[in-house]
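# Summary of structural features
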Amino acid sequence: MFEAIRIDKSDSGQAVSFAQLSESDLPEGDVVVRVEWTTLNYKDALALTGKAPVVRRFPMVPGIDFAGVVERSGNPSLRPGDKVILTGWGVGETHWGGYSSKARVDGNWLVPLPEGMSLRQAMSIGTAGLTAMLCVMALERSGLKPEDGDVLVTGAAGGVGSVATALLAKNGYSVSAVSGRTEEADYLRMLGASSVIDRAEYAKQARPLSKEKWAGAIDVVGSSVLANVLSEMKYGGVVAACGLAGGMDLPTSVAPFILRGVTLVGVDSVMCERERRYIAWQRLARELDMEKLEQVVTEIEFDRLIETAPRMLDGQVRGRVVVKVN
């Protein structure tokens, strides 16, 4: 028997509890992983609180990512003892996830732990860090270079934003960080931000076009914030959008696209192909300053996951949250 968090649903609503499970309870898959570390992401917080319909199958063990050690494998590319990372693929939404001491998954969903990276560091990066790197790669594919001008990062004090700020600064970009928590200015400058902007400036109704400021941007907020970012892009600028913390709407016009040639690139880390994930993880191992990363990490015990979720949704949690499972 082993411990897990389980979400059940009845006519009266969603119930979240700690449960004792056996391996026979685990869903189908060709690889069993002993989960060592997991994380608390924004999506996990939504699942645990029921504030959004993240979970689409019940009962569900939440947790959209984990890192651990292969115990049994029917996959020819994986052997017992291999250290692996899992992010996305609907885990924690339609397939049981990382809030459990063991997980059984499709081996093709797993990425080998990069050389020189620990399992804890992998989850310090987690889905948020992978998404941040995929955003940086999207900007690069669109031709953005450091000499093109300043890059804006919204939601910069959160998980994706923190890693994105650090990665861009490490790669030579001048980064301006947008955050609703101006008290985090020193933290954001430590990550490499050259300036910090109050999110209130981007929460107002957007004009079709505003003064040109940014060569590139990474947005995790959506809604009015993204609309304002688009209106301030330089001619030929590119925005990588990966989140909807502010809402799913986008109250803008076609003006940035047809008058300034702005490119809006959507970034998804859930169903991203395995080869691109592998490249992203290898780059994270090389390019992310692990000492800086440690300063954005909060470690909590497994039994505090449920109580921490509402605090994350209220914007009271900075950076990344890692959870020791076994």
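The notes below deal with the structure included here. (Residues numbered from 1 in each chain as written. Predicted model: local features only at pLDDT ≥ 70, side-chain atom pairs only at ≥ 80, totals over all residues. Heavy atoms only, no water.)

Looking only at helices and strands, the protein chain has 10 helices and 15 strands in total. Compactness check: the protein chain gives a C-alpha radius of gyration of 20 Å against a globular reference of 20 Å for 326 residues, within 12% of the reference. Dimensions of the protein chain, computed from C-alpha atoms along their principal axes, come out at roughly 60 × 45 × 35 Å. Within the protein chain, the proportion of its 326 residues that are buried is 54%. Long-range contacts, defined as pairs at least 24 residues apart, comprise 72% of the intrachain contacts of the protein chain with a sequence gap of at least 6. Entry remark: accessible area of the protein chain is about 13,600 Å², with carbon and sulfur atoms responsible for 48%. On the protein chain, the mean spot of the 36 positive side-chain charges and the mean spot of the 40 negative ones are 3 Å from each other. (Helix = DSSP H or I, 4+ residues; strand = E, 2+ residues; numbered from the N terminus. Rg over C-alpha atoms; globule rule 2.2 N^0.38 Å. Buried < 20%, exposed > 50% of the residue type's maximum accessible area, 1.4 Å probe, protein only. Contact = heavy atoms within 4.5 Å. Areas by Shrake-Rupley, 256 points an atom, 1.4 Å probe, with all protein chains shown as cover. Lys, Arg positive; Asp, Glu negative; His and termini not counted. Charge placed at Lys NZ, Arg CZ, Asp CG, Glu CD.)

A few words now on the sheet that holds strand β13 (residues 263–266). Within the open sheet, the six strands sit side by side as β10-β9-β8-β11-β12-β13. Their pairing is parallel. Of all the strands in the sheet, the pair left with one neighbour each is β10 (193–198) and β13. This sheet shows a mean twist of 20 degrees between the axes of neighbouring strands, independent of strand direction. When strand β11 (residues 214–219) meets strand β12 (residues 233–241), the two strands line up parallel, connected through five bridges. (Pairing = 2+ DSSP bridges. Axes fitted to C-alpha atoms, helices over the stretch in contact; angles between N-to-C directions.)

Examined against the element boundaries, A206 turns out to sit in the loop between α5 (200–203) and β11. Residue classification places A206 among the buried positions, given a relative accessible area of 16%. Each C-alpha atom of the pair A206 and M233 lies 13 Å from the other, and the pair is 27 residues apart in sequence. Apart from residues lying up to four places away in sequence, A206 is in contact with A227, N228 and P251.

What follows concerns the pattern of salt bridges. Any two side chains of opposite charge can pair, on the condition that their charged atoms come close. For the coordinates displayed, the defined rule picks out 18 salt bridges. Its salt-bridge partner being E23, residue K102 comes within 3.1 Å of it at the nearest N-O pair. Taken as a pair, K102 in strand β6 (residues 102–105) and E23 in the loop between β2 (13–21) and β3 (31–39) lie far apart in primary sequence, 79 residues in all. You can call K102 partly exposed: its relative accessible area is 21%. Owing to a relative accessible area of 22%, E23 belongs among the partly exposed residues under this scheme. Where E93 meets K43, a salt bridge forms, and the shortest distance between an N and an O atom there is 3.3 Å. Taken as a pair, E93 in the loop between β5 (83–87) and β6 and K43 in helix α1 (residues 42–49) lie far apart in primary sequence, 50 residues in all. Of the residues examined, K43 reaches a relative accessible area of 28% and is grouped as partly exposed. One network of salt bridges, with partners in common, ties together E23, R34, E36, E71, R72, K102 and K324. (Salt bridge = Lys/Arg side-chain N within 4 Å of Asp/Glu carboxyl O.)

The next thing to look at is the side chain of E184. Inspection of the secondary structure puts E184 in the loop between β9 (175–179) and α4 (185–191). Once residues within four sequence positions are removed from consideration, E184 is found in contact with A157 and R318.

One recurring pattern in soluble globular proteins is that nonpolar side chains are buried together. If you look at the biggest cluster of nonpolar residues, it comprises 70 residues, and the most contacted ones within it are L168, I218 and W281. When near neighbours in sequence (up to four residues on either side) are disregarded, I218 contacts C135, V136, L139, L152, V153, T154, A164, L168 and A240. The next biggest cluster of nonpolar side chains, apart from the first, holds 42 residues, and it includes M60, V91, A103 and A309. (Core = buried A, V, L, I, M, F, W, Y, C linked by side-chain atoms within 4.5 Å.)

Counting through the fold element by element, R260 comes out in the loop between α7 (255–259) and β13. In this structure R260 comes out as buried when scored by relative accessible area, which is 10%. Among all residues touching R260, those that are not within four sequence positions of it are L209, S210, K211, E212, S231, E232, M233, K234, Y235, G236 and A255.

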